Structures are given as C-alpha cells and as structure tokens.
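Chain residues, written in single-letter form:
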Amino acid sequence: MTAVFAFLMMQNDEEAAEGEMVLLLIGGGVFVMALVTAFLMRMMLRSAAASKLRTEPEVAELVSGGVAASQPARDAWENWDRDETLPRPLRQYLEGSQTSRLVSQAILEGAAVVNLVLSMLDGNALHFAAVIVCLVGVISLTPTLGKIRSEIRSAFSVAGVSGEFIHKR
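In this numbering scheme, every chain counts its residues from 1 along its sequence in written order. Only residues with pLDDT of at least 70 are given local features in this predicted model, and only at 80 or more are side-chain atom pairs given and counted; all residues enter the totals for whole chains, interfaces and linings. Hydrogens and water molecules were not included; the side-chain quantities draw on all heavy atoms of the structure.

Undergrad: I'd love a proper account of the side chain of Ser 104, names of residues and values included.
TA: In this fold, Ser 104 is placed in helix α5 (residues 88-122). Every residue pair with non-hydrogen atoms within 4.5 Å of one another is taken to be in contact. Excluding anything up to four places from it in sequence, Ser 104 contacts Ala 38, Met 41, Arg 42 and Leu 141. Per the convention used, a helix needs a DSSP run of H or I reaching at least four residues, while a strand needs a run of E reaching at least two, with both numbered from the N terminus.

Undergrad: Quick one: what's the story with the side chain of Ser 100, residue by residue and with numbers?
TA: The topology assignment puts Ser 100 in helix α5. Remark: exposure states derive from per-residue accessible area (1.4 Å probe, protein chains only) relative to the maximum for the residue type, with buried under 20%, exposed over 50%, and partly exposed in between. Assessed through its relative accessible area of 0%, Ser 100 is described here as buried. Side chain to side chain, Ser 100 and Arg 42 meet in a polar contact 2.4 Å long. Pairing of N or O atoms within 3.5 Å defines a polar contact, subject to two protein rules: one partner must be a possible hydrogen donor and the other a possible acceptor, and residues neighboring in sequence count only if both atoms are side-chain atoms. A distance of 2.6 Å separates the side chain of Ser 100 from the backbone oxygen of Ser 97, its partner in a polar contact. For Ser 100, the residues in contact, after removing those within four places along its chain, are Arg 42, Leu 45 and Arg 46.

Undergrad: Let's hear about the confidence of the model for the chain: which residues, and what values?
TA: Here the chain averages 77 in pLDDT, and 66% of its residues register 70 or above. The predictor attaches a confidence to each residue, and that confidence, scored 0 to 100, is pLDDT. The spread of mean pLDDT over the elements of the chain runs between helix α1 (residues 2-9), the lowest at 57, and helix α6 (residues 126-140), the highest at 92. Note that residues 159-169 has pLDDT below 50 and, in this model, 26 contacts with residues that lie over four places away or in other chains.

Undergrad: For a nonpolar patch on the surface, give the residues involved together with the corresponding values.
TA: Judged by side-chain polarity, Val 32, Val 36, Phe 39, Leu 40 and Met 43 come together as a nonpolar surface patch covering roughly 460 Å² of accessible area. Relative to the helices and strands, Phe 39 resides in helix α2 (residues 16-54). Patches here: salt-bridge-free residues with over 30% relative accessible area, like charges joined within 9 Å, nonpolar side chains (Val, Leu, Ile, Met, Phe, Trp, Tyr) joined within 5 Å. For every accessible area listed, the method is Shrake-Rupley and the probe measures 1.4 Å; residues are considered covered only by the protein chains on display. Think of a salt bridge as a Lys or Arg side-chain nitrogen and an Asp or Glu carboxyl oxygen that are within 4 Å of each other.

Undergrad: Quick rundown of the packing of α5 against α6? Include the residues and the values.
TA: The axes are straight lines fitted to the C-alpha atoms, using for helices just the contacting stretch, and the angles between their N-to-C directions are given from 0 to 180°. In the contact formed by α5 and α6, the axes pass within 8 Å of each other and the chain directions differ by 160 degrees. By the angle class used here, α5 and α6 are roughly antiparallel. The interaxial crossing formed by α5 with α6 has left-handed handedness. Contacts between α5 and α6 pair Gln 105, Leu 108, Glu 109, Ala 111, Ala 112, Asn 115, Leu 116, Leu 118, Ser 119 and Asp 122 from the former with His 127, Phe 128, Ala 130, Val 131, Cys 134, Gly 137 and Val 138 from the latter. Broken down by class, the residue content of the contact of α5 with α6 amounts to 10 nonpolar, five polar and two charged. Oblique is the label for any angle not under 35 degrees, not over 145, and not in the 65 to 115 range, which are roughly parallel, roughly antiparallel and roughly perpendicular in turn. Crossing chirality is assigned from the near helix's rotation relative to the far helix, an anticlockwise turn below a right angle marking it left-handed and a clockwise turn marking it right-handed. Basically, the charged four are Asp, Glu, Lys and Arg, the nonpolar ten are Ala, Val, Leu, Ile, Met, Phe, Trp, Tyr, Cys and Pro, and anything else, Gly included, counts as polar.

Okay, structure coming up:
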C-alpha cells in the first residue's frame, strides 16, 4: 500500500490517466495472486490435516475392525455432531480444516480491501468486480455441516477408507 501511495504522490496531472491504468493492473494482480494463493493454501493445509488424521492409530484400527471398532467407538465417530465429545483425531482434523478456511478467507479479504482502496483512489469500477468475487469466495468457504461431513469422508476415502461409518442423518 505504501508503494501505491508513493507512486500517486509523485505523479502530475498528465500522468494521472496512466497512473489509473497502473492501479487497475496492481488491483488485478493482487486479485489473481490472492485467488491462487487462497486455493493453494486451502489445499495444502487441508491435505496436511487429512494426512495427519489418516496416520492416527485410532482411525486405522477403527476402519480395520480392530478393538477400537467396537460399537461405542463407531458411534463416537458416526454421531460426532451430537453433544458427545469428539474423538481426538477428528477434533484435530477439524481444527486443521478450520485453519485452512480461515487462512484462505483472510487472503481473499485482503485482496478485497486492497481493491476497495484502489477503487477509492482511481474511481475505477472494475475494482469492485474483484471485490465481489473475493467476497463470494469468502462466503463459499464458510463451513456448513454438509461441507464438514464431506471433507471428513474425503479425508478417509483418500486413504482407501470408504467413510461408510460416517453417514448423513
């Protein structure tokens, strides 16, 4: 932001139109970089959480039919959204998944703020298109029960586990 303000202060009126184009390019560049970064960070952090979940002995034993696969243990995993305490590996996975959401949302929010500031500086309405797309991205990353269940099933299925014991109600 400091570089943008310094650039604007050094301009004269003849260079104003050229400066507006530069600001539009800066806003577009920030927008594209934020989209790519938010997507990659979400993938990497969620993948790390899923990998950690799959390496937990409790998860492997639960799926393989070992001692931990008793009915009470299965119920703890199947009914994780009830008032019961979450199993520790599932709680850690959900924490990692939420971290990935928050980081991605923060990146998109930052790009939206940068484009809002740039729109105030040059008055170009194209910055608002980037702001709207960023806000839609933030909203789409908001967790719902269905999204969370789907992510958990996905984390198990990547390891070759069907995830059948975690079902929708």
